[in-house]
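Fold and geometry: a report
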Amino acid sequence: MSFDMNDAEPQKSGELIPDGTFAKVTMTIRPGGTDGQSEIDRGLLKASNAPGSDVLMVDAEFTVAEGPHVRRKFWQMFTVSGGKVDEQGVSIGWKISKGSFRAMIDSALGLDPQDMSDAAKSKRILRGLADLSGITFVAKIKVEPSDDPRYGDSNKLDRVVLPSEPEWRKVMDGEVLAPSPSTRARPRAASPASPAAPAWGQPAASPPASAAPAWSRPAQPGTAPATAATAAPAATPAPSGPAWLNT
């Protein structure tokens, strides 16, 4: 038996999605084998492999839905229980993840984040975290530098882009936006210090220049507040599952 490799797909370059890219992405939850609190979350969560850790996570795979990076993927974990807690005993990681999940729903359904009407609130209620699998929303993607020399840098979700942001409408309309980099450049390693010259070989220090008084410095320009866009009224969700799966 022979194997014909001529029809194999070309090897991917391994290049990352540029830092600060705006794109529509679809999130799929990869089951981790541990039950969640909801009936539909059986086997959904992934337990941390750190010794003594009680952290349970959602293992999310993101796939770019359209545009120049279509079908490109990246992965991220979201804590849903365990780990450090706040003064009320609530998992800090879960509070962060919950905020991201709510933003995903608002972005997917075009809900104004400030809309707390009964119709909008009903769309943010999930039967379980498994309802989030398959949700498509607008994301800003970043490049996260690796702190382990054995691994390269990776793409991560920088943040969910909300309908109140101008980029949301542009991406939803199919416009390709220029990346807006999010990751700060890594600081360069300090150069080894040269041996200090003896005190008698050093030039006399000049007295430090006096700083100009505050009132003589030019005023710093202010930042204009962003104007939130008004979202269209949301339709009543179907009771059989999340709204983004019924569109």
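Residues numbered from 1 in each chain as written. Predicted model: local features only at pLDDT ≥ 70, side-chain atom pairs only at ≥ 80, totals over all residues. Heavy atoms only, no water.

Notes on the overall build of the protein chain
Counting secondary structure elements, the protein chain contains 3 helices and 6 strands. Along the protein chain, from the amino end to the carboxyl end, the secondary structure elements read β-β-β-β-α-α-β-β-α. Excluding contacts between residues fewer than 6 apart, the proportion of contacts in the protein chain whose partners are at least 24 apart in sequence is 61%. Of the accessible surface of the protein chain, which amounts to about 16800 Å², a share of 55% is contributed by carbon and sulfur atoms. (Helix = DSSP H or I, 4+ residues; strand = E, 2+ residues; numbered from the N terminus. Contact = heavy atoms within 4.5 Å. Areas by Shrake-Rupley, 256 points an atom, 1.4 Å probe, with all protein chains shown as cover.)

What to know about the pattern of salt bridges
The tally for this structure, following the rule as stated, stands at 13 salt bridges. A salt bridge links glutamate 61 to lysine 73; the shortest N-O distance between them is 3.4 Å. Of this pair, glutamate 61 sits in strand E3 (residues 56–64) while lysine 73 sits in strand E4 (residues 73–81), and the two are 12 residues apart along the sequence. What emerges from the salt-bridge pattern is a single network uniting Asp35, Glu39 and Arg42. (Salt bridge = Lys/Arg side-chain N within 4 Å of Asp/Glu carboxyl O.)

Remarks on the confidence of the model for the protein chain
Averaged over every residue, the pLDDT of the protein chain is 83; the share at 70 or more is 74%. Low confidence marks residues 187–192, where pLDDT is under 50. Its contacts with residues over four positions away, or in another chain, come to 0 contacts. Here residues 206–239 is a poorly scored stretch, pLDDT under 50, and it has 20 contacts once near neighbours within four places are set aside; other chains count. (pLDDT = per-residue confidence, 0-100.)

What to know about the nonpolar core
Ranked by internal contacts, the top residues of the largest apolar core, which has 30 residues, are Met27, Phe62, Met104, Leu132, Ile135, Phe137 and Leu157. Sorting the residues of this core by element identifies strand E1 (21–29), E3, E4, helix H1 (92–109), strand E5 (135–144) and strand E6 (154–160) as the ones contributing at least two each. Apart from residues lying up to four places away in sequence, phenylalanine 62 is in contact with Val25, Thr26, Met27, Arg72, Lys73, Phe74, Gln76, Phe78, Met104, Phe137 and Leu157. Among the nonpolar cores identified, the runner-up in size contains 6 residues, and Val161, Trp168, Val171 and Leu177 belong to it. (Core = buried A, V, L, I, M, F, W, Y, C linked by side-chain atoms within 4.5 Å. Buried < 20%, exposed > 50% of the residue type's maximum accessible area, 1.4 Å probe, protein only.)

Points about a nonpolar patch on the surface
Where nonpolar side chains cluster on the molecular surface, the patch consists of Met1, Phe3 and Met5 and spans about 490 Å² of accessible area. Tracing the chain through its elements places methionine 1 in the segment before E1. By relative accessible area, methionine 1 is classed as exposed at 93%. (Patch = residues over 30% accessible without salt bridge, like charges linked within 9 Å, V, L, I, M, F, W, Y side chains within 5 Å.)

Quick word on the side chain of aspartate 86
Position of aspartate 86 among the secondary structure elements: in the loop between E4 and H1. Of the polar contacts made by the side chain of aspartate 86, one reaches the side chain of lysine 95; its length is 2.9 Å. (Polar contact = N/O pair within 3.5 Å; in protein donor to acceptor, adjacent residues only side chain to side chain.)

Quick word on the packing of aromatic side chains
By the definition in use, this model includes 5 aromatic pairs. Ring geometry for phenylalanine 62 against phenylalanine 74: centres 5.0 Å apart, planes inclined by 20°, an arrangement best described as stacked. You can see phenylalanine 62 sitting in strand E3 and its partner phenylalanine 74 sitting in strand E4, a full 12 residues away along the chain. There is no split in this pair, since phenylalanine 62 and phenylalanine 74 are both buried. (Phe/Tyr/Trp six-rings, centres within 6.5 Å; stacked < 30°, edge-to-face > 60°.)

Some points on the environment of valine 90
In this fold, valine 90 is placed in the loop between E4 and H1. Classification of valine 90 by relative accessible area gives partly exposed; the value is 34%. Not counting chain neighbours up to four residues away, the residues in contact with valine 90 comprise Lys84, Val85 and Lys95.

Side note on H1
Its 18 residues give H1 an end-to-end C-alpha distance of 26 Å, which sits within 8% of 26 Å, the value for a rise of 1.5 Å per residue. Taken as a whole, H1 has its buried residues at Ser97, Phe101, Ala103, Met104, Ile105, Asp106, Ser107 and Ala108. In this structure serine 91 caps H1, since a side-chain oxygen of it lies 3.4 Å from the backbone nitrogen of glycine 93. Of the residues flanking the end of H1, it is glycine 110, one or two places downstream, whose phi is positive at about 70°. (Expected span 1.5 Å × (residues − 1).)

Things to note about the environment of isoleucine 17
One can find isoleucine 17 in the segment before E1. On the basis of relative accessibility, which here comes to 0%, the residue isoleucine 17 falls in the buried class. Spatially, the C-alpha atom of isoleucine 17 lies 9.7 Å from that of proline 68, the residues being 51 residues apart in sequence. Ignoring sequence-local partners within four residues, the contact set of isoleucine 17 consists of Val64, His69, Arg72, Phe74, Ile141, Val143 and Asn155.

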